[in-house]
Amino acid sequence: MDQVVDLNVGGVFYTTAVSTLVQAQPSLLADRFSGRLDPLPKDTKGRYFIDRDGVLFRYVLDFLRDGKLSLPESFREKERLRLEAAYYRLDGLTERLREQKPGYITVGYRGTFAFGRDGLSDVNFRKIPRILICGRVALCRDVFGDSLNESRDPDHGDTDRYTARFFLKHTSIEQAFDMLQEQGFYMAGSCGSGTAGGTSAAELKPGVDSEESRWNHYNEFVFVRDS
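Keep in mind the model is a prediction, meaning the values are calculated, not measured. (Residues numbered from 1 in each chain as written. Predicted model: local features only at pLDDT ≥ 70, side-chain atom pairs only at ≥ 80, totals over all residues. Heavy atoms only, no water.)

Draft legend 1. Layout of the pairing of strand 1 (residues 4-9). Examined bridge by bridge, strand 1 and strand 2 (residues 12-17) share six bridges and lie antiparallel to one another. Within strand 2, the residue paired with Val5 across the bridge is Thr16. Hairpin remark: strand 1 followed by strand 2, antiparallel, with two residues in the connecting loop; positive phi at Gly10, about 60 degrees. Bridge analysis of strand 1 against strand 3 (residues 48-50) gives three bridges, and the strand direction is parallel. Looking at the pairing, Asn8 lines up with Phe49 of strand 3. (Pairing = 2+ DSSP bridges. Helix = DSSP H or I, 4+ residues; strand = E, 2+ residues; numbered from the N terminus.)

Printed below as a string of structure tokens:
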């Protein structure tokens with residue numbers, strides 16, 4: 001039967017099979033647990049000790065088990081995971097982390113703001129009903145994943161096409177920026193405009209402030225990934 005081993009990776013404990021640890025050949029773990037290198041030291045509980053990031057090791061172990069890289073939404077430690085992949089000499093994991101196609105994504109949103117009674121000190125820029133996403137379909141899906149709402153896009157199936165119909169299921173512009181940054185994008189340009197509307201009080205929907213409805217702004221941010 002396959003031997004089961006306990007690991008202590010930077011203070012985080014794991015239990016796995018030796019066959020999993022030697023799955024990727026060659027690699028540091030394969031060399032350690034196949035006898036080609038000296039065995040790892042053990043802690044006071046008899047667990048093999050590895051002085052590396054224990055939290056990130058879960059992704060290393062998942063890759064060894066499945067041969068795939070599956071990271072959670074808005075994962076923000078990809079550069080650190082690259083260091084772990086290099087330490088364990090996992091060329092396959094390193095290659096997966098490099099598989100990022102270049103391209104552009106435009107993020108835009110319309111919002112409203114009001115000056116209020118105290119002038120500029122009372123400006124509210126955070127009424128954002130929807131964040132729009134424009135770009136190549138496959139690239140947008142890769143970056144935003146399940147956060148992407150495709151219900152308004154009728155041309156499903158062709159991932160090489162471009163679309164300006166996507167929007168996000170949330171309205172946090174900072175979260176969208178974090179997701180782009182984590183995927184290797186940087187902001188190449190932005191623009192914004194503000195307009196004064198002519199909506200009268202009688203035309204307003206219930207609960208909408210008359211002053212707020214008079215002032216609108218639209219902003220676009222262009223993000224690029226070189227490689």
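Draft legend 2. Examining the pairing of strand 4 (residues 103-112) more closely. Counting buried residues along strand 4, eight of its ten residues qualify, which places the element largely inside the surrounding structure. Two elements, strand 4 and strand 5 (residues 127-136), share seven bridges in a ladder whose sense is antiparallel. Within strand 5, the residue paired with Arg110 across the bridge is Arg130. (Buried < 20%, exposed > 50% of the residue type's maximum accessible area, 1.4 Å probe, protein only.)

Draft legend 3. Spatial organisation of the packing of aromatic side chains. For the coordinates displayed, the defined rule picks out seven aromatic pairs. Ring geometry for Phe33 against Tyr48: centres 5.2 Å apart, planes inclined by 75 degrees, an arrangement best described as edge-to-face. In this pair, Phe33 is assigned in helix 2 (residues 28-34) and Tyr48 in strand 3, connecting sequence segments 15 residues apart. Pair check on accessibility: Phe33 and Tyr48 agree, each one buried. Their ring planes at 20 degrees and their centres at 6.3 Å tell us that Tyr109 and Phe221 sit as a pair that is stacked. (Phe/Tyr/Trp six-rings, centres within 6.5 Å; stacked < 30°, edge-to-face > 60°.)

Draft legend 4. The side chain of Asp53, seen in detail. Examined against the element boundaries, Asp53 turns out to sit in the loop between strand 3 and helix 3 (57-66). Taking relative accessible area as the criterion, Asp53 reaches 19% and is therefore assigned buried. For Asp53, the side chain forms a polar contact with the main-chain nitrogen of Leu56, separated by 3.0 Å. Apart from the residues within four sequence positions on either side, Asp53 is in contact with Val9, Arg80 and Glu84. (Polar contact = N/O pair within 3.5 Å; in protein donor to acceptor, adjacent residues only side chain to side chain. Contact = heavy atoms within 4.5 Å.)

Draft legend 5. Representation of unusual backbone geometry in the model. Note the cis peptide between Gln25 and Pro26, where omega equals -10 degrees. Note on placement: Pro26 falls in the loop between helix 1 (18-21) and helix 2. Positive phi, normally seen in glycine, also occurs at Arg89, with a value near 60 degrees.

Draft legend 6. Seen up close, the pattern of salt bridges. Under the defined criterion, the tally for this structure stands at nine salt bridges. One salt bridge in this structure joins Arg36 and Asp31, with 2.8 Å as the shortest N-O distance. Overall, the relative accessible area of 49% leaves Arg36 in the partly exposed class. Arg89 serves as the salt-bridge partner of Asp31, at 2.7 Å between the closest nitrogen and oxygen. One end of the pair, Asp31, is in helix 2; the other, Arg89, is in the loop between helix 4 (78-87) and helix 5 (91-98), with 58 residues separating them in the sequence. Residue classification places Arg89 among the partly exposed positions, given a relative accessible area of 37%. Among the ionic contacts, a cluster of salt bridges with common partners joins Asp31, Arg36 and Arg89. (Salt bridge = Lys/Arg side-chain N within 4 Å of Asp/Glu carboxyl O.)

Draft legend 7. Main features of helix 6 (residues 137-144). Inspection of helix 6 places Val137, Leu139, Cys140, Val143 and Phe144 among the buried residues, and these make up the whole buried set. Looking down the long axis of helix 6, one finds its buried residues gathered within 165 degrees of arc, a one-sided arrangement. (Arc of directions from axis to C-beta.)

Draft legend 8. Highlighting the sheet that holds strand 3. The strand order 2-1-3 describes an open sheet built from three strands, whose pairing is mixed. Where the open sheet ends on each side, the last strands, each with one partner, are strand 2 and strand 3. The mean angle between the axes of side-by-side strands here comes to 30 degrees, regardless of whether they run parallel or antiparallel. The sheet strands contacting helix 3 are strand 1 and strand 2, and the helix crosses strand 2 at an angle near 10 degrees. (Axes fitted to C-alpha atoms, helices over the stretch in contact; angles between N-to-C directions.)

Nothing here speaks to function; it is geometry throughout.
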